[in-house]
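Working through the structure, step by step
Listed below, chain by chain, are the residues.
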Amino acid sequence: MRRDHLYDELLAAAIQLASPRLALAIPSLRAVARACDVSATAVYRHFASQSDLNRAVLLAVDSSFVAAMTAADDPGRSPRERLRLLAYAYLEWGLANPGLYQLRFESADQLGADHVHTDGADVLLAQIGELVQASGTASPVTPADLWAGMHGLTSLHLHKSDYRRPDDVGPVDRLLAAWDLA
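What comes next concerns the included structure. As the structure is a prediction and not an experimental result, all values here were calculated from the model. Starting from 1, residues in each chain are numbered consecutively following that chain's sequence as written. Note on the predicted model: pLDDT of at least 70 is required for a residue's local features to be given, and 80 or more for side-chain atom pairs to be given and counted; whole-chain, interface and lining totals, by contrast, use all residues. Just so you know, side-chain values use all the structure's heavy atoms and leave hydrogens and water out.

1. Brief notes about the environment of P27
What counts, and what does not: Strands here are runs of E lasting at least two residues and helices are runs of H or I lasting at least four, both read from the DSSP assignment and numbered beginning at the N terminus. Should any heavy atoms of two residues lie within 4.5 Å, those residues are counted as being in contact.
Within the element layout of this structure, P27 appears in the loop between helix 1 (5–18) and helix 2 (29–36). In this structure, the C-alpha to C-alpha distance between P27 and I15, residues twelve residues apart in sequence, is 8.4 Å. Setting aside residues no more than four positions away along its own chain, P27 makes contact with A14, L17, A18, V32, Q50 and L53.

2. A look at helix 4 (residues 50–72)
For the α-helix, the turn length of 3.6 residues means that residues three or four positions removed from each other point alike. Heads up, the rule is: To estimate how far a helix should reach, multiply one less than its number of residues by 1.5 Å. Throughout, exposure labels follow a simple rule: accessible area from a 1.4 Å probe, protein chains only, divided by the maximum for the residue type, with under 20% read as buried, over 50% as exposed, and the rest as partly exposed.
With 23 residues, helix 4 should reach 33 Å at 1.5 Å per residue; the first-to-last C-alpha distance of 33 Å fits that figure. Every buried residue belonging to helix 4 is among L53, N54, A56, V57, L58, V61, D62, F65, V66 and M69, and all of these are buried.

3. Concerning the pattern of salt bridges
Going by this rule: In the sections that follow, a salt bridge refers to a side-chain nitrogen of Lys or Arg positioned within 4 Å of a carboxyl oxygen of Asp or Glu.
Summed over all chains, the structure comprises five salt bridges. For R104, the salt bridge identified is with D62, shortest N-O distance 2.6 Å. In this pair, R104 is assigned in helix 6 (residues 98–106) and D62 in helix 4, connecting sequence segments 42 residues apart. Exposure class is identical for R104 and D62. Each is buried. For D73, the salt bridge is made with R82, and the minimal N-O distance between the two is 2.7 Å. By relative accessible area, which is 13% here, D73 ends up buried. Overall, the relative accessible area of 14% leaves R82 in the buried class.

4. Quick word on the side chain of D73
Assignment of secondary structure puts D73 in the loop between helix 4 and helix 5 (79–96). Setting aside residues up to four positions removed in sequence, D73 forms contacts with R82, L86 and Q127.

5. Details of the packing of helix 4 against helix 6
Applied cut-off: The axes are straight lines fitted to the C-alpha atoms, using for helices just the contacting stretch, and the angles between their N-to-C directions are given from 0 to 180°. By definition in this entry, angles of less than 35 degrees are roughly parallel, angles greater than 145 are roughly antiparallel, angles of 65 to 115 are roughly perpendicular, and the rest are oblique.
Following both chains from N to C, one finds helix 4 and helix 6 inclined at 105°, their axes separated by 10 Å at the closest point. Judged on the interaxial angle alone, helix 6 and helix 4 are roughly perpendicular. The segment helix 4 lies against helix 6, with L58, V61, D62 and F65 engaging L100, L103, R104 and F105.

6. Some points on the layout of surface pockets
Put simply, the test is: Using only the protein atoms, space was sampled on a 1 Å grid; points where a 1.4 Å probe fits but cannot get out form cavities, open sets with protein on both sides within 12 Å along at least five of seven lines form pockets, and lining residues are those with an atom within 4 Å of a point. Grid points are joined across faces, edges and corners, and a volume is the space filled by probe spheres set on the points. Note on residue classes: Ala, Val, Leu, Ile, Met, Phe, Trp, Tyr, Cys and Pro are nonpolar, Asp, Glu, Lys and Arg are charged, and everything else, Gly too, is polar.
Approximately 490 Å³ is the volume attributed to the largest pocket. If you go around the largest pocket, you meet 23 residues; those closest to its centre are F65, Y90, F105, L125 and W147. Where the lining of the largest pocket is concerned, the elements lending two or more residues are helix 4, helix 5, helix 6, helix 8 (119–134) and helix 9 (143–159). Class assignment of the residues belonging to the lining of the largest pocket gives a composition of 18 nonpolar, three polar and two charged.

Shown next as structure tokens:
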């Protein structure tokens, strides 16, 4: 697949169409073509199918998520402080990108074979596991437990308008404290 300016513009349009709203599907090739004011044929030169577009969008979303988490980390801090920074980054990224969050974390069953699994996410999860071990917690918490808790908290903020209080950071701290990680 050739990457050029139009490819980047089409991918950016697909991401932009999915970003601001909750979405369980990636915009169609035709919707992306309309957004870029090009013919559907032009889109097919870069994405042979909806599945190709889905995978490109999901890889870009995953990269954005991992980059946000990585940027939030501060290796100079204690393991517990680093876990807290990562937890806040997770919530902040989800709230800033509701449609992309839903695509990445809540749409795997709708996306089927197009769902992506990346090394960047694996490295991040392994790092979180190392931080949990280094934190000295007596709690049997695992990285999967932390992910499930943060996912639940982020989903509540996104899907329950009466719960949506981005300025209320207490739930993150309470979640970490429940696992002896605060």
